[in-house]
Each structure stands twice: as C-alpha cells, then as structure tokens.
Amino acid sequence: MPIERTPLTRTPAWANLAAHRDASRGAHLRELFAADPARGERLVAEGAGLYLDYSKQRVTDETMRLLVRLAEERGVVARREAMFAGEKINVTERRAVLHVALRAPRTERILVDGKDVVPEVHAVLDRMSDFAERVRSGAWTGFTGRRIRAVVNVGIGGSDLGPMMAYEALRHHATRELAFRFVSNVDGTDLVEATRDLDPAETLFIVSSKTFTTIETMTNAASARAWLLAALKDERAVARHFVAVSTNEAQVRRFGIDPANMFGFWDWVGGRYSMDSAIGLSTMIAVGSEGFRELLAGFRAMDEHFRTAPLDRNLPVLVGLLGIWNTDFLGAATAAILPYDQYLRRFPAYLQQLAMESNGKRVTLAGASITDYATSPIWWGEPGTNGQHSFYQLLHQGTHLVPCDLVGFCRSANPLGRHHDLLVANLLAQGEALAFGKTAAEVRAEGTPEWLVPHRTFPGNRPTSTIFADELRPATLGALVALYEHAVFTQGVIWGVDSFDQWGVELGKVLATRLVAEIEAAAEPAAGAHDSSTSALLRRYRARRG
Ligand code: G6Q
C-alpha cells in the first residue's frame, strides 16, 4: 500500500505559492505587460515543433519559479522516470503505464516484469502496416472479392475518442478512397446511421476493445455482424469483414474473429492513452503506414522533450503547472481548449477524457480524502471561430474565470483566399481581448453614453496560453497529444492521485446491468428494489416502451 507523503497543501512550495498569490492579488495583465516589455518573448517555450506562449497567463517569473519548485518538491522528475522505466505507477490496478513504449524506436529497451516490450510493440506495428497497406491498395478484399470502400471502427471511450479525433484531425492526409465511420454509442442510432449508406460487401469493421467485454462495443459488434450476414449470408464472410484490436484473445475467438486478424496491445496501455497502439489501426489505414509512423515520431519527440528539457522550459510541465495555478490558486473550476483549426474539432472531446478521467479523482494514492484543494478542472471547448459567436461572451464578461488554451497553425492545409489570415487574426484578437479587455475610460472615449459604459466594458485579465505550430501534420498531432498526456501526468503527480485508473465509471455499469434485466423481465420489478424515483421511471418506461 502506498505511504502517504506530506499532504500537498502542507508542502513549503504550496504555502509559498498561496502567500505569493495573496501578495500579488490585483496585478492585472495590463500592468504586467506594461511593466515588462519583453514579457511576450520571455514567457514562452518551444519543443517538438510546438511553440507555447504563456505570457498571457496571470503569472510572473516568481510565480513560475515557485511552481517549478512545487513540481520538484512533489517528485515529478522521479515519477516521470518511474513511468518511463516501466514501474507500476498505476498503483490501484498494479500496472505499469507505458504508452511511451508505443512510440519507442526499435533500438530502445523497456522492461516490464523483466521482459523487453519494444520488440512486441514493433511486431504489432509491422503487422498493422502490412494489413493497412493491403486495405489501402485493395489487395485485401471483402468476401465477395470486392475491394473495401468503408472502414467502421466499433469501440467506445479510449477505444473510440482517440481514433475518431485522429481521423478528423488528419483527414487532409487521409486517403479519399475509403470512407471512415466511428460507432461508439449503444444507442442503435449510431450504428444504423453509420452503416445506412454502406455496402456490406465493401465494409470492414474494426472491433476495438481492450477487454472485449465492454457492453456497448460487444452489442454494436454483434449487430454489425448481423447486418453483414443478412447481406452476405455466409458465416465465412466474418473473417474478411471483421478484425479485432484487443488484449483478450479468448474473447476475440469467441466472437468469431480469427486471431490471425487480431492486433494486440497490453495491459500497460490505458484506454485513453491508446490511440498510438493498435487502437490506431483505423488511423493507420487512413493516413498510411508512413503517416502513422510520422504520428508516432511526433509523440516521441514530445516524450524526449518531456524527459530532457529543464522543468522551467518543459512544455508539458509548464502546461501542467499553469493548470494547477489556475485551478488551485486562482479558483478556476473549468478550462477551455479552443483549437483554431476545423480539423481539430473533436480535440476537445478527446482532451476531456484524457484530463478528466485521469485526474477527476478525490482521493490520494494512499486513499486519503482530498478536502483542501481541487483536482482536474472541467475541460470543454469548441473550435474557433465558431465559439466566438456563442459562449465567448461568458469568457469575456461573465462572472467565471475560464483559462483558455488557444491552438493555432501558421499554415493552413487548405489555403483559400484570406481565410487563414482571418482565422489567425481571430485567434490573436481573442487572446488580446481576453488579456487586456477594454476599460471604462476607453469605452467613454468612444462617446458611449454613460448608462451603456458598464455593458461595453471588458475587464480583461482572463488567462490564456497560445500553442502555435507550423502546420497540422501527423507529427504535430502526435506532439500535441503527448503534450497534454504529460501535462495531465504532471498534474496527477502534484495532486497525488492515480491518473491511470477509472473506478468512477464502474458503479453506473453495474447498476445498468441490473436495470436492463429488470427492464426486460416479464415480471414487474420487486417493490423497494430501487429508490422511489428510479422505480417510478422504470415502471413508466416498461409501460410505454411498446
Ligand atoms: C479509458 C477507459 C475507457 C475505456 C472504454 C473502452 O481509459 O478505460 O474509456 O477505454 O471503457 O474499454 P474497452 O477498450 O475495454 O472496450
């Protein structure tokens, strides 16, 4: 059982940060920039092709020094090394946490329980490459000999959000010869709509499930199988139209998928950290083996940066620490991710799982309740500029403090007239407006009537970070995802939680299993089986479901 360390809020660094916050309360970003003309060039860091400008965060050099001290006191470096060394840092599940091994070069050695896992990683990657290229070229055909035209990934949570986000993000680099669909919800609508216009003879299903027991995925996969067989009327068709990505060979076999068509991974890859494992098979089919390897190289570049850059210039550490500052010292309950790139439109959904399932915890590694500090903020977001015409009002003038990460690219994948300049102008303008606002004096100077002045005033002092990269390529996406993976890791170490378990999703699953039995049973549910609200809803549903 892990031994409790000094409680976070009793560490010297935490106390110093709280005192520093109290002493510097009121310093507005307007003043910070006015007092320090070089601020916008100094409070920046670069790594793995990403440029981070955090000068519009409400921090000073002293804040950063104290935050780095906090990372040191909390043992971020030792924990990082333990992760890279394959130690079982997921303590509640007694597992190593080695998504970094998924992007390690062939020459590296990473031991788990005395066994080097790198050769296995590359063996799977090579099999994936072979399969992906056969699907792309048309060499892999469906049961009737027709080439595959549509790839449907069936998975949920970590087995869906990563591949779905990556496909959207890399669409520009993806083959247009194939359609890609992602089915996750147990709501039959998801599968029905995804397959409605597809031809079963030309459709390949990738059943992605680490455990191969997840109710949503198994239900969707069974219905997909029935859809296929209704058209092709031969059980042997399953072998040509279904492949599996899983760690559970026995279950894959039971489903009827030939283990020769199974791509494996390992218990040391967490679901939300698995988009660069075989779970990325759909991504590889979309962007090709080379594109996927470029994606891995981007992840790897950020891993190397995370491992070697000094803490005060280390992007994931900085992003993690700024999040702690905003959440725990400035009281921000949420954080927004605002990608100024349409291809990243599902990145907020991906990041929600990564951050909130990892650090949405209320006990420490040793099981002590966390009562005097906040853990993960609520992440949300939409791509710019769309959000500007909806919720940005609250960001600028609402009563909540919402730190934002603005993500943008210097070159567009689809240069079209002035579009990209307009897009980037908006990104820059929002960062500026959020930081500096518009004072009442400025509003008055425009001749605004006095009664309207408060409405037109922008307080500013709203913190943002800007993440800029040259262009959105597979390597950039890898670096961006790894940036947030390691930022979430850094925060988890500081908050003292297990970032790699997810016990919080269990209870609902157990209760749903019981409820589905009660919904489908002939007999009325026993009186008192549930609270009065659930019982009444259950009775109403049974009476009306038709
Ligand atoms: C992620 C979670 C969770 C998981 C899904 C799917 O970290 O563990 O989102 O990925 O529940 O699980 P399977 O891949 O086992 O179907």
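Keep in mind that what you see is a predicted model, and the values were worked out from it rather than measured.

Rules of the game
- Residues numbered from 1 in each chain as written.
- Predicted model: local features only at pLDDT ≥ 70, side-chain atom pairs only at ≥ 80, totals over all residues.
- Heavy atoms only, no water.
- Helix = DSSP H or I, 4+ residues; strand = E, 2+ residues; numbered from the N terminus.
- Expected span 1.5 Å × (residues − 1).
- Contact = heavy atoms within 4.5 Å.
- Pairing = 2+ DSSP bridges.
- Axes fitted to C-alpha atoms, helices over the stretch in contact; angles between N-to-C directions.
- Near = heavy atom within 4 Å.
- Polar contact = N/O pair within 3.5 Å; in protein donor to acceptor, adjacent residues only side chain to side chain.
- Areas by Shrake-Rupley, 256 points an atom, 1.4 Å probe, with all protein chains shown as cover.
- Nonpolar A, V, L, I, M, F, W, Y, C, P; charged D, E, K, R; others polar.

Caption draft 1: Structural detail: helix α16 (residues 419–436). Over its 18 residues, α16 extends 26 Å from the first C-alpha to the last, a length consistent with the 26 Å expected when each residue adds 1.5 Å. Residues of α16 that are buried in the fold lie against α2 (29–35), α15 (392–397), β12 (404–409) and β13 (464–469). Once α16 ends, the next one or two residues include G437, with phi positive near 60°.

Caption draft 2: Quick look at the sheet that holds strand β5 (residues 150–154). With parallel pairing, the five strands of this open sheet are ordered in space as β6-β5-β7-β8-β9. Two strands lie at the open edges of the sheet, namely β6 (179–183) and β9 (262–264), each paired on one side alone. Between one strand axis and the next, the sheet turns by 20° as a mean value, whatever way the strands run. Taken together, the three bridges between strand β8 (residues 242–246) and β9 define a ladder with parallel strand orientation. Across the sheet, residue S246 finds its bridge partner in β9, namely G264. Against the sheet, helix α6 (residues 118–137) contacts β7 (203–208), β8 and β9, and its axis sits at roughly 145° relative to β9.

Caption draft 3: The arrangement of the site of the ligand in detail. Within the structure, the ligand sits among 13 residues, and S159, S209, K210, T211 and T214 are positioned closest to it. In this structure, S209 approaches the ligand through a side-chain N or O atom, which is 2.5 Å from an oxygen atom. Here an oxygen atom of the ligand and a side-chain polar atom of T214 are 2.5 Å apart. Coverage of the ligand by the protein amounts to 86% of the 410 Å² it exposes when considered alone. Residue composition of the shell around the ligand, by class: one nonpolar, nine polar and three charged.

Caption draft 4: Expanded view of the sheet that holds β13. Strand order in the open sheet formed by six strands is β1-β2-β13-β12-β10-β11, with mixed pairing between adjacent strands. Edge positions in the sheet fall to β1 (44–47) and β11 (378–380), since each of these pairs with one other strand and no more. Across this sheet, the average inter-strand angle for adjacent strands is 15°, counted without regard to direction. Inspection of the sheet shows β12 paired to β13 by six bridges, in the parallel sense. Residue V407 lies in a different strand from β13, and its bridge partner there is I467.

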